[in-house]
Amino acid sequence: MKAERPYPQVRVTRKGERALAAGHPWVYAAEVTEADESIRDGGLADIVSGKGAYLGTGFYNSHSLIRCRLLSRNANDRFDDAFWQRRVQYAWDYRKSVMQPEDLHCCRVIFGEADGFPGLTVDRFGPVLSVQVLSLGMERIQERLLPILARVLRQDRQDIAGIYLRNDVSLRKKEGLAQNKGWFCLPGEPEPTLTGADIVENGIRYRVDFINGQKTGFFLDQKYNRQAVARLSRGRTVLDCFTHTGSFALNAAKGGAKHVTAVDVSEFAVECAAENARLNGLEDVMECRAAIVFDLLPQLEKEPKKFDFIILDPPAFTKSRKTIDSAMAGYKEINYRAMKLLPRGGYLATCSCSHFASTERFMAMLRSAARDAGVQLRQIEQRQQCCDHPILWGVEETDYLKFFLFQVV
């Protein structure tokens, strides 16, 4: 006789069943036809088809549009400490296999659904793990999970001093979660006194403000794209737009650029970029200024051409399908202006970090911008996010970063 499963059931529509079969790990509210009354929000539930066939087990939340977040498709899995240790170890072993040892000191250790941790992000900045928890299920198990995370890395002789929670994001409201931030105290350990972390990426030093910096404190997904920019920068005059803490600008300067102008609308970001330039002895090559890029680029058109390499790394212009058209107009505007500014033979690095701006739409926008600017683009490289942000096929949300290098001909 077949053993009874220990978890309550959620029955889904044919559409939901097809999505799960195609590899997507989410069940939306509209795809649920029936749910056992015993299900607890943030607890585990078995997902079954209309005919009762087992499809997987995941976290349930009646307050979220994403009603179920799949954890496993294996009916034999039991979600105990051993299960989570295996999954953390698998994620860490993956990073060790695809990255250089020196890159493991600043990398994304857990990338949500792509690593089998729905709604969890873990970035490592030297001795600190900066963590965002964006699902109720993960919030409910973090007291068990985060000590396991620290233990797995420490057993591999990684120096982990503490875990900082960056749960100060509005996205948590969609899961019925409050915003907060602060140290997660590991059992038997005092609260760390660190206020920042020093990292080295591509040979460049940064001071990471994991307490107040954007998202987890530093953007790691462009690590190897910054190397590609550095290789093209020797002897060039570079304009880095939306510089944030100066990472592309610093790579260009270290790569041998004649001069780099780093621009951001945030005075605080510009101060951070200037401090990072001083930290690396690049302040004589790198100028940092606060300006609105959408206003600056048209102003520069009126001046003699002085930049032969322009980098566009804007924030996500859209986080919803509803605003994709206005976002694409914004992307076109800055790319059109950059193409007009560049001389023949100049270089353009351009990207989008919104998964709603698909590669096809982004490329169509670039073709339109080039046509309107009266230039032709010669593609050097098309790249994506760094391999510590793995793309899980069948989960389009994990495939978000588009990065192109062009020469204007």
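Residues numbered from 1 in each chain as written. Predicted model: local features only at pLDDT ≥ 70, side-chain atom pairs only at ≥ 80, totals over all residues. Heavy atoms only, no water.

> When you look at the overall build of the protein in this model, what are you seeing that I'm missing?
A count of helices and strands for the protein gives nine helices and 20 strands. Over its C-alpha trace the protein gives a radius of gyration of 23 Å, about what one expects of a compact globule, namely 22 Å for 409 residues. The principal-axis extent of the C-alpha atoms belonging to the protein is close to 80 × 50 × 35 Å. Looking at the protein as a whole, 55% of its 409 residues are labelled buried. Taking contacts inside the protein between residues at least 6 apart in sequence as the whole, the part at least 24 apart equals 64%. Split by element, the accessible area of the protein, about 18,600 Å² in all, is 50% carbon and sulfur. Distance from the positive charge centre (56 side chains) to the negative charge centre (51 side chains) of the protein: 4 Å. (Helix = DSSP H or I, 4+ residues; strand = E, 2+ residues; numbered from the N terminus. Rg over C-alpha atoms; globule rule 2.2 N^0.38 Å. Buried < 20%, exposed > 50% of the residue type's maximum accessible area, 1.4 Å probe, protein only. Contact = heavy atoms within 4.5 Å. Areas by Shrake-Rupley, 256 points an atom, 1.4 Å probe, with all protein chains shown as cover. Lys, Arg positive; Asp, Glu negative; His and termini not counted. Charge placed at Lys NZ, Arg CZ, Asp CG, Glu CD.)

> How do you make sense of the layout of surface pockets when you look at a structure like this?
Which parts of space are left empty comes out when a probe the size of a water molecule is rolled across the atoms. The computed volume of the second largest pocket comes to approximately 360 Å³. Around the second largest pocket, the lining is made up of 18 residues, and of these Glu113, Ala114, Asp115, Gly116 and Leu392 lie nearest the centre. For the lining of the second largest pocket, the secondary-structure elements that each account for two or more residues are strand 6 (66-72) and helix 2 (81-98). Sort the elements by how many residues they give to the lining of the second largest pocket and helix 2 lands first, with four residues. Here the lining of the second largest pocket is composed, by residue class, of 11 nonpolar, three polar and four charged. (1 Å grid on protein atoms, 1.4 Å probe; cavity = no way out; pocket = protein on both sides within 12 Å on 5 of 7 lines; lining within 4 Å. Points joined across faces, edges and corners; volume = space filled by probe spheres on them. Nonpolar A, V, L, I, M, F, W, Y, C, P; charged D, E, K, R; others polar.)

> Would you mind going over the side chain of Ser354 with me for this structure?
Its place among the elements puts Ser354 in the loop between strand 18 (347-352) and helix 9 (359-373). In this structure Ser354 touches Ala316, Thr318, Tyr331, Tyr400 and Lys402, once residues within four positions along its chain are discounted.

> Please explain the sheet that holds strand 6 as it appears in this structure.
The strands making up a sheet associate through hydrogen bonds between their backbones, and the pairing can be parallel or antiparallel. Pairing in this open sheet of six strands is mixed, and the strands run 2-6-5-4-1-3 from one edge to the other. The open sheet has two free edges, formed respectively by strand 2 (26-28) and strand 3 (32-35), since each of these has just one partner strand. Across this sheet, the average inter-strand angle for adjacent strands is 35°, counted without regard to direction. Taken together, the five bridges between strand 4 (residues 44-48) and strand 5 (residues 54-60) define a ladder with antiparallel strand orientation. Note on strand 5: the bridge partner recorded for Ala45 is Gly58. The sheet strands contacting helix 1 (residues 14-21) are strand 1 (9-12), strand 2, strand 4, strand 5 and strand 6, and the helix crosses strand 1 at an angle near 100°. (Pairing = 2+ DSSP bridges. Axes fitted to C-alpha atoms, helices over the stretch in contact; angles between N-to-C directions.)

> Got a minute to help me understand the environment of His355 in this structure?
With respect to the secondary-structure elements, His355 resides in the loop between strand 18 and helix 9. The spacing of His355 and Thr261 is 94 residues in sequence and 28 Å in space, taken between C-alpha atoms. Residues contacting His355, with those up to four places away along its chain left out, are Glu396, Glu397, Asp399, Tyr400 and Lys402.

> Help me out: how do you make sense of the nonpolar core in this one?
As a rule of thumb, soluble globular proteins bury nonpolar side chains together. Counting 37 residues, the largest nonpolar core has Phe125, Phe210, Val229, Val260, Met286 and Phe309 as the members making the most contacts within it. The biggest single contributor to this core is helix 5 (residues 247-254), with five residues. The residues touching Phe210, leaving out its near neighbours within four places in the chain, are Phe125, Val128, Ser130, Tyr164, Arg166, Trp183, Leu194, Thr195, Gly196, Ala197, Thr216 and Gly217. (Core = buried A, V, L, I, M, F, W, Y, C linked by side-chain atoms within 4.5 Å.)

> Please clarify how a nonpolar patch on the surface should be interpreted in this entry.
Together, Val265, Ile292 and Phe294 make up a nonpolar patch on the protein surface, roughly 270 Å² of accessible area in all. Looking at Val265, the relative accessible area reads 60%, which means it is exposed. (Patch = residues over 30% accessible without salt bridge, like charges linked within 9 Å, V, L, I, M, F, W, Y side chains within 5 Å. Salt bridge = Lys/Arg side-chain N within 4 Å of Asp/Glu carboxyl O.)

> Help me out: how do you make sense of the pairing of strand 10 (residues 162-167) in this one?
Within a regular beta strand, the side chains point alternately toward one face of the sheet and then the other, so they alternate between its two faces. Across the six residues that make up strand 10, a large majority, six, are buried. Of the crossover connections in this fold, the one passing from strand 9 (residues 128-133) over helix 3 (residues 136-155) to the parallel strand 10 is right-handed. (Right-handed = clockwise from strand over helix to strand, strands pointing away.)

> What should I look at first to understand the packing of aromatic side chains in this one?
Each aromatic ring pair is characterised by the separation of its centres together with the angle its planes make. Summed over all chains, the structure comprises 19 aromatic pairs. Seen from their ring centres, Phe79 and Phe83 are 4.8 Å apart, and the 75° between their planes marks the pair as edge-to-face. Note on accessibility: Phe79 and Phe83 belong to one class, buried. Ring centres of Phe404 and Phe406 lie 5.6 Å apart, and the angle between their planes is 0°; on these two criteria the pair is classed as stacked. The exposure classification of Phe404 matches that of Phe406, with both residues buried. Above the face of the Phe248 ring, Arg226 is positioned so that its terminal group lies 5.9 Å from the ring centre. (Phe/Tyr/Trp six-rings, centres within 6.5 Å; stacked < 30°, edge-to-face > 60°. Lys NZ or Arg CZ within 6 Å of the ring centre and 35° of its normal.)

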